[in-house]
Amino acid sequence: MGKTLLEKVWDLHTVRELPSGQTQLFMGLHLVHEVTSPQAFQMLRERDLSVRYPERTFATADHIIPTDSRQRPYADAMAEEMFVHIERNSVDFGLEFFDESTGRQGIVHVIGPELGLTQPGMTIACGDSHTSTHGAFGAVAIGIGTSQIRDVLASGCLAIDPLKVRRIDVSGSLGRGVYAKDVILHIIGHLGVHGGVGYAYEYGGDVFDAFSMEERMTVCNMSIEGGARVGYVNPDQTTYDYIRGREFAPKGAEFDRAVEWWETMKSDDDANYDSVVDIDGADIEPMVTWGINPGQVAGVGEKLPDPDSLEGAQRASVEEALAFMKLRPGAAIAETPIDVAFIGSCTNSRISDLREAAKVAAGGRVAKNVKALVVPGSQQVLKQAEAEGLHETFLAAGFEWRQAGCSMCLAMNPDKLVGDQICASSSNRNFKGRQGSPTGRTLLMSPAMVAAAAPAGEVVDVRTVSRPTA
């Protein structure tokens, strides 16, 4: 019987089986940002411990960093304190810190891949739930909490429960105006926000074979929203071509040897899966969330659900969501007005995302009642976008063009919703209060859909206003 990628990587990195039934797993790469790490570093100091593998540990700042003015000290005292801590901890413990002065600052899940740190066959840990993004490269990437950050810093290891594997095959091809974001929202809508609990999701099929690395990252990023601990795609030539030549990637003959090994780090044809799900790509349309979790989602051509047609917990959940969102049962999703349009986040802030959104934004003008902003995921993405003139397209259309950071995805920075504003967002979570206001409302969709909604002042089907390339 063959093995899945998860099993192969897990076996190679297992230090021992613990009495608790968990596996002590060695981490090949540890990424650190400013929000979840200060307490972990303090725990090391209190125990007089060092970072066990500083050469495998890299830091950046993304969550709290302002995207308009970078003047120090930051206006937010807590943000300034967090930044001071990540600076000091990086120096004290001998870590490479990608701050703004390096030209490599950005969202941790954007810079890891673009710098070539993320590679197939790795185990990767980061104190951020969306670490699953890195699974797009055929890595086992795990989001962890502060006490686990301490453990990985001190020992290079993580204690984790074994996982089952669900294979999700998306066959055929996607229609015009349908993107990777729509694929993962469709999957979450189909399997539910708890469907992946206890699982790693392995994505495959025609659609994923044709996807770019950035599209694969978008899907793996939101595996966690579907309840999965890990999401990954088997490495292939697309993976190797992306990694080749990047700063921390192997060079020359070492790269060729790495590819030979990476080729062995994919699921065998006769691997056994605990679950298999088949989805036809042709059934997926542009998706929009209407509720308060990513599983409350529907195609842009559909209508909002009617709680009266449901029973029990499902009915109560829909009633709660519609009441919070101030939406009318049975109304068309495409009629939903917006106040804010946000393009960014670790899900959709890469250069391909900005290119597609710019195609839609070109020639239009943001509605007078809408605040619209575009936030590149890294300084390198920003530089490339400006070299291509994408910022000029967005500015001409009335969008704000910002510096790199997490921005309005989670509002641990000045970019926040106000009152009950409703936001068309390319981010990953639509929970109550996620974007900074306890009563703020979030509609998740692709960057192209956000770019289409901004001038309309409401949700529209991107296929009716543009000719995007899916």
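For the structure, check the block above.
Note that the coordinates shown come from a computational prediction; the quantities given were computed from them, not determined experimentally. (Residues numbered from 1 in each chain as written. Predicted model: local features only at pLDDT ≥ 70, side-chain atom pairs only at ≥ 80, totals over all residues. Heavy atoms only, no water.)

Note that Q119 resides in the loop between helix 4 (108-114) and strand 6 (123-126). In terms of polar contacts, Q119 uses its side chain to reach the backbone carbonyl oxygen of G116, at 2.9 Å. Within polar-contact distance, the side chain of Q119 engages the backbone oxygen of F248 at 3.4 Å. Ignoring sequence-local partners within four residues, the contact set of Q119 consists of F137, A139, I243, F248, A249, P250 and W262. (Helix = DSSP H or I, 4+ residues; strand = E, 2+ residues; numbered from the N terminus. Polar contact = N/O pair within 3.5 Å; in protein donor to acceptor, adjacent residues only side chain to side chain. Contact = heavy atoms within 4.5 Å.)

In space, the five strands of this open sheet follow the order 17-16-15-18-19, with parallel pairing throughout. Two strands lie at the open edges of the sheet, namely strand 17 (400-401) and strand 19 (441-444), each paired on one side alone. Bridging between strand 18 (residues 422-425) and strand 19 involves four bridges; their strand directions are parallel. Pairing of I422 across the sheet is with R441, part of strand 19. (Pairing = 2+ DSSP bridges.)

A separate point is the environment of I343. If you trace the backbone, I343 turns up in strand 15 (residues 340-343). We classify I343 as buried; its relative accessible area is 0%. Taking C-alpha positions, I343 is 8.6 Å from D353, a pair spaced 10 residues apart along the chain. Non-local contacts of I343, meaning those with residues more than four positions away in its chain, are made with N348, L354, A357, L373, V374, V375, F394, F399, S426, P447, V450 and A451. (Buried < 20%, exposed > 50% of the residue type's maximum accessible area, 1.4 Å probe, protein only.)

Quick look at the layout of surface pockets now. Estimates place the volume of the largest pocket at around 320 Å³. Contributing to the lining of the largest pocket are 16 residues, with W290, G295, Q296, Q314 and V318 lying nearest its centre. Elements that contribute at least two residues to the lining of the largest pocket include exactly strand 14 (297-299) and helix 11 (312-325). Looking at which element gives the most residues to the lining of the largest pocket, the answer is helix 11, with three residues. The class makeup of the residues in the lining of the largest pocket is seven nonpolar, seven polar and two charged. What the second largest pocket holds in volume is close to 250 Å³. Taken together, 16 residues make up the lining of the second largest pocket; nearest its centre are R167, E202, G204, D209 and N234. Listed by contribution, the elements that provide at least two residues to the lining of the second largest pocket are strand 10 (199-204) and helix 7 (206-210). The dominant element in the lining of the second largest pocket, judged by the number of residues it contributes, is strand 10, at three residues. Across the lining of the second largest pocket, the residue classes break down as four nonpolar, four polar and eight charged. (1 Å grid on protein atoms, 1.4 Å probe; cavity = no way out; pocket = protein on both sides within 12 Å on 5 of 7 lines; lining within 4 Å. Points joined across faces, edges and corners; volume = space filled by probe spheres on them. Nonpolar A, V, L, I, M, F, W, Y, C, P; charged D, E, K, R; others polar.)

In this section: the pattern of salt bridges. What the rule picks out here adds up to 25 salt bridges. Residue E400 is joined to R402 by a salt bridge in which the shortest nitrogen-to-oxygen separation is 2.7 Å. E400 gets classed as partly exposed once you look at its relative accessible area, which sits at 28%. Members of the salt-bridge network, linked through shared partners, are K371, E400, R402 and D415. (Salt bridge = Lys/Arg side-chain N within 4 Å of Asp/Glu carboxyl O.)

Here the focus is the sheet that holds strand 10. One open sheet accounts for four strands, arranged 11-10-9-12; its pairing is parallel. Across the chains shown, the open sheet's two edge strands, defined by having one partner strand only, are strand 11 (230-233) and strand 12 (275-280). Ignoring strand direction, the axes of neighbouring strands in this sheet form an average angle of 20°. Where strand 9 (residues 164-171) lies against strand 12, six bridges are found, and the strand directions are parallel. The residue bridging D169 from the neighbouring strand is D278, located in strand 12. Here helix 8 (residues 213-221) sits on the sheet in contact with strand 10 and strand 11, set at roughly 160° to strand 11. (Axes fitted to C-alpha atoms, helices over the stretch in contact; angles between N-to-C directions.)

Further remarks concern empty space enclosed by the protein. Under the defined criterion, the tally for this structure stands at two cavities of 30 Å³ or more. Size it by volume and the largest cavity reaches roughly 50 Å³. Forming the boundary of the largest cavity are M27, H30, V51, R52, Y53, R56, T57, V152, L153 and G156. Reported here for the second largest cavity is a volume of approximately 30 Å³. In this structure, the second largest cavity is lined by L31, F58, A59, T60, F98, V108, I111, G112 and L117. Looking at the lining of the second largest cavity, the elements with two or more residues in it are strand 4 (57-60) and helix 4. Of the residues in the lining of the second largest cavity, the class split is seven nonpolar, two polar and no charged.

What follows deals with the nonpolar core. W290, I338, I343, L354, F394, F399 and V459 are the most contacted members of the largest nonpolar core, which totals 57 residues. The set of elements that each furnish at least two residues to this core consists of helix 11, strand 15, helix 12 (351-361), strand 16 (371-374), helix 13 (379-387), helix 14 (390-396), strand 18 and helix 15 (447-456). By residue number, the principal contributor to this core is helix 15, which donates seven residues. Once residues lying within four places of it in the same chain are set aside, the contact partners of L354 are I343, S349, V374, P376, V381, A385, L390, F394 and W401. Grouped together as the second largest cluster of nonpolar side chains are 41 residues, M82, V152, L153 and Y273 included. (Core = buried A, V, L, I, M, F, W, Y, C linked by side-chain atoms within 4.5 Å.)

Our next topic: the state of the cysteines. Here is the idea: a disulfide is a covalent bond, and it sits between the sulfur atoms of two cysteines. For the coordinates displayed, the defined rule picks out zero disulfides. Left without a disulfide partner, C220 is nearest to the cysteine sulfur of C346, which lies 12 Å away. (Disulfide = S-S within 2.5 Å.)

Attention now goes to the side chain of S349. Residue placement: S349 occurs in the loop between strand 15 and helix 12. The exposure class of S349 is buried, given its relative accessible area of 0%. Those residues in contact with S349 that sit more than four places away from it in its chain are I107, V110, G344, L354, V375, P376, G377 and V381.

At the junction of R72 and P73, the peptide bond is cis and its omega measures out at -5° in the coordinates. Relative to the helices and strands, P73 resides in the loop between strand 4 and helix 3 (77-93). The backbone of D48 sits at a positive phi, close to 55°, despite the residue not being glycine. Here the phi dihedral of K326 falls at roughly 60°; this positive angle occurs in a residue that is not glycine. Tracing the chain through its elements places K326 in the loop between helix 11 and strand 15. Exposure remark for K326: the relative accessible area of 55% places this residue in the exposed category.

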